[in-house]
Amino acid sequence: HGDVNASYYWLNYDNDTSSRYAYYGWDRILVGAEAGFAPSKWTDILLSGSYQHYDQDNAEGSMIGDTSQGFSLQGGLGSYMTDRISYRLLAGWSMFDYGDSADKANGFVYTASGNWKIGETWNTMLLGTSYYQPSERQYASRSRVDAISWGIAKVMVRGKLRATFDIRYRHETNESAVDSDWDYALDIWTGRLGLDYTLCRFLSVFAYGEYQKSMNDEADRRNGAYDYDRWRITIGARLQY
């Protein structure tokens, strides 16, 4: 079996370029493919690869190039341990050419997931991943991200209402920072509660409440500018066919 996928991601900040660097934003095009061979219904041998291309919002005259690109190749196993428990474990190598610089990232990366259907109305999942990208906060900085999350879901009201709770830990390390003051790491914890209600076959509505805690690895860095608490509520509708 095999599949291909593609995505586009755009990150933009309304920066005043007369007073600060305009390097925070970028857009990314990602294409990937996965192939697998299942010698039995319990085991799946997997090979996955992807390519990412970034265009960065550099300030004029920046010492860093306007584009970055990355490659990733991973292999591993997928399995059904039982009819209710499944997992995927992949590991491999990633190369990230940041801003056409001589300092390229070459590192170990991984993707892991596990799913347990506890009962007819309960389900839980564990996810883990790592990757490289341009920093979302700092001019001329490359970041490595390691993240792990766990969630649980309950289906109610004859399958129409779905309640979820999930928690996520994300560790960001700035690499190749042009300024030593930007060579820092962040630990970000996020907790979220959600409700999703199906109105009909084609329409559902949802609401999420989220709390996020960001902590810098150096308490005095920029007078605590990277330490913050954030609350966010999201409501919306989902059309499906």
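All figures in this text were calculated on a predicted structure; none of them were measured in a lab.

Here is what the cut-offs are and how they apply
- Residues numbered from 1 in each chain as written.
- Predicted model: local features only at pLDDT ≥ 70, side-chain atom pairs only at ≥ 80, totals over all residues.
- Heavy atoms only, no water.
- Helix = DSSP H or I, 4+ residues; strand = E, 2+ residues; numbered from the N terminus.
- Buried < 20%, exposed > 50% of the residue type's maximum accessible area, 1.4 Å probe, protein only.
- Contact = heavy atoms within 4.5 Å.
- 1 Å grid on protein atoms, 1.4 Å probe; cavity = no way out; pocket = protein on both sides within 12 Å on 5 of 7 lines; lining within 4 Å.
- Points joined across faces, edges and corners; volume = space filled by probe spheres on them.
- Nonpolar A, V, L, I, M, F, W, Y, C, P; charged D, E, K, R; others polar.

Enquirer: What is the right way to look at the overall build of the protein chain in this model?
Expert: Secondary structure assignment for the protein chain yields 0 helices and 12 strands. In the protein chain, the succession of helices and strands from N to C terminus is β-β-β-β-β-β-β-β-β-β-β-β. In the protein chain, buried positions account for 35% of the 241 residues. Considering only contacts within the protein chain whose residues lie at least 6 apart along the sequence, 52% involve residues at least 24 apart.

Enquirer: Would you explain unusual backbone geometry in this entry?
Expert: In most cases, non-glycine residues show a negative phi, while peptide bonds are predominantly trans. In this structure, V157 is a non-glycine residue whose phi angle is positive, near 50°. By the secondary structure assignment, V157 is in the loop between β8 (142–156) and β9 (161–175). Residue R158 is not a glycine yet carries a positive backbone phi of 55°. Position of R158 relative to the elements: it lies in the loop between β8 and β9. The exposure class of R158 is exposed, given its relative accessible area of 88%.

Enquirer: What am I meant to see in the layout of surface pockets here?
Expert: As a volume, the largest pocket reaches approximately 990 Å³. Taken together, 36 residues form the lining of the largest pocket, with R168, R170, T190, E210 and Q212 sitting closest to its centre. Looking at the lining of the largest pocket, the elements with two or more residues in it are β1 (2–11), β2 (26–40), β7 (122–134), β8, β9, β10 (185–200), β11 (203–216) and β12 (228–239). For the lining of the largest pocket, the element with the most residues is β9, which contributes 7 residues. Of the residues contributing to the lining of the largest pocket, the split by class is 15 nonpolar, 9 polar and 12 charged. The calculated volume of the second largest pocket comes to roughly 650 Å³. Taken together, 25 residues line the second largest pocket, and the ones lying closest to its centre are L30, S50, Q74, T111 and T129. For the lining of the second largest pocket, the secondary-structure elements that each account for two or more residues are β1, β2, β3 (43–56), β4 (67–80), β5 (85–97), β6 (105–116) and β7. Its residues placed into classes, the lining of the second largest pocket shows 8 nonpolar, 12 polar and 5 charged.

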